[in-house]
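Residue-level structural notes
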Amino acid sequence: MSSAVAEPELAAQFEATVRRKDRIEPRDWMPDAYRKTVVRQVAQHAHSEIIGMQPEGAWIGRAPSLRRKATLLAKVQDEAGHGLYLYSATETLGVSRQHLTEMLIAGKQKYSSIFNYPALSYADVGTIGWLVDGAAICNQVPLCRTSYGPYGRAMIRICKEESFHQRQGYELLMTMMRGTDEQRAMVQESVDRFWWPALMMFGPPDDASPNTEQSMAWGIKTHTNDELRQRFVDMTVPQAEALGVTLPDPDLVWNEERGAHDFGQPDWDEFWDVVKGSGPCNAQRIAHRKRAWDEGAWVREAAVAFANANDEEVPA
Ligand code: BYC
């Protein structure tokens, strides 16, 4: 973009692009606050994918068959890939993966609250696929049309893979529900623990969400937190019925007039505690990430040395 063009004109072009629901691309002029918001959301999203490898990763060695191990391994590797696509999207805005990882480890950036809950039983692998990836799909399919081009394009591939993840979780749970009473009880216990944290993934209620209004005006978000939470509940109830599990909400009921389910509210005090760092696994997740980052330092140093020696670019 030529620097001769005045800022008000650039701002008008930006607004027009957003109004047309067209994409903002890395070299386009954008307000600083837009850039910051995209970096904040995409970085949190990338961190969630990487931290999200931990609860399920812990079950790879304990999955009950070669088929289940291979499936889980592939799924967890996919999450690493998602993190990398998303860090690449922030790099188009001049913010490196290294910087963002350092911010994460220093506790200065967030990641999804859901990954601060432990995966206590093998049924949790199925529940995470069904409910956590299911919630992620509800939230992420609309993000394929987000206004920042590199983020939206990353989301297209991520959503395809998330659909597979959701199905593997559902298939695992269905297999367990067709098994013994003990297996059915494991599934129900797991769903009881994950239901409310899954609803929290969509963020605080709209009237307590400081970012939604501006993010929607800029087309970064295309739906509010409550709209997507409702969509998730409506999508999940028939799946729970087909599985034969009970969702742990006494207020969950079909509302004929609204053509949607009424449902109870998660414990929002618990949500904010988890977001602020006091969840059951926050310290463990960050310590594990820091260890992996520190232990990988030699790989990054070797890559830089190799690149310098060969006068090539460092691989991303
Ligand atoms: N957890 O104004 P709000 C996956 C923060 S990974 C933690 O509504 P916004 C997977 C929020 O950041 C999928 N923090 O915010 C991986 C804000 O704080 P700051 C992860 C949360 O951004 C491995 C404050 O609360 N998906 O699928 O407009 C295995 C106020 O909130 C949360 C994404 O990242 C939360 N749940 O809306 C399996 C999706 N909610 O930054 C599966 C992309 C809110 O102002 N992100 N906060 O200090 C989004 O769509 C939006 O960022 C959110 C929040 C809907 C999450």
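These remarks concern the structure in this document. (Residues numbered from 1 in each chain as written. Predicted model: local features only at pLDDT ≥ 70, side-chain atom pairs only at ≥ 80, totals over all residues. Heavy atoms only, no water.)

A few words now on a negative patch on the surface. A cluster of acidic side chains, namely Asp 267, Asp 269, Glu 270 and Asp 273, defines a negative patch on the protein surface. If you trace the backbone, Asp 267 turns up in the loop between β2 (260-262) and α11 (268-278). (Patch = residues over 30% accessible without salt bridge, like charges linked within 9 Å, V, L, I, M, F, W, Y side chains within 5 Å. Areas by Shrake-Rupley, 256 points an atom, 1.4 Å probe, with all protein chains shown as cover. Salt bridge = Lys/Arg side-chain N within 4 Å of Asp/Glu carboxyl O. Lys, Arg positive; Asp, Glu negative; His and termini not counted. Charge placed at Lys NZ, Arg CZ, Asp CG, Glu CD. Helix = DSSP H or I, 4+ residues; strand = E, 2+ residues; numbered from the N terminus.)

A few words now on the packing of aromatic side chains. One pass over the full model with this rule turns up nine aromatic pairs. Judged by centre distance (5.0 Å) and plane angle (75°), the rings of Phe 14 and Tyr 34 are edge-to-face. On the criterion of sequence distance, the pair formed by Phe 14 in helix α1 (residues 7-19) and Tyr 34 in helix α2 (residues 32-51) is long-range, its members being 20 residues apart. With a centroid separation of 5.6 Å and an interplanar angle of 85°, the aromatic rings of Tyr 34 and Trp 218 are classed as edge-to-face. Placement of the pair is Tyr 34 in helix α2 and Trp 218 in the loop between α9 (212-217) and α10 (225-243), with a sequence separation of 184 residues. Residue Trp 218 is classed as buried on the basis of its relative accessible area of 9%. Each residue in the set Phe 14, Trp 29, Tyr 34 and Trp 218 is aromatic and connected to the rest through ring pairs, giving one cluster. Above the plane of the ring of Trp 59 lies Arg 62, whose end atom (NZ or CZ) is 3.8 Å from the centre. Taking NZ or CZ as reference, Arg 300 lies 3.5 Å from the ring centre of Trp 293, over its face. (Phe/Tyr/Trp six-rings, centres within 6.5 Å; stacked < 30°, edge-to-face > 60°. Buried < 20%, exposed > 50% of the residue type's maximum accessible area, 1.4 Å probe, protein only. Lys NZ or Arg CZ within 6 Å of the ring centre and 35° of its normal.)

Moving on, we get to the side chain of Glu 79. In this fold, Glu 79 is placed in helix α4 (residues 66-91). Taking the relative accessible area as the measure of exposure, Glu 79 reaches 5% and is therefore buried. Setting aside residues no more than four positions away along its own chain, Glu 79 makes contact with Glu 49, Ile 50, Met 53, Asp 133, Glu 162 and His 165. (Contact = heavy atoms within 4.5 Å.)

What surrounds the ligand is a group of 36 residues, the closest being Gln 44, Lys 110, Ser 209, Lys 221 and Asn 225. A distance of 2.4 Å separates an oxygen atom of the ligand from a polar atom in the side chain of Lys 110. A distance of 2.7 Å is found between an oxygen atom of the ligand and a side-chain nitrogen or oxygen belonging to Lys 221. Considered on its own, the ligand offers 1100 Å² of accessible surface; in the complex 91% of this is hidden by protein. Among the elements of the structure, α2, α4, α6 (123-140), α7 (149-177) and α11 are those that each provide at least two residues to the shell around the ligand. The leading source of residues in the shell around the ligand is α2, at six residues. (Near = heavy atom within 4 Å. Polar contact = N/O pair within 3.5 Å; in protein donor to acceptor, adjacent residues only side chain to side chain.)

For the rest of this paragraph, the subject is unusual backbone geometry. Phi is positive for Lys 21, close to 60°, though the residue is something other than glycine. Among the secondary structure elements, Lys 21 is positioned in the loop between α1 and α2.

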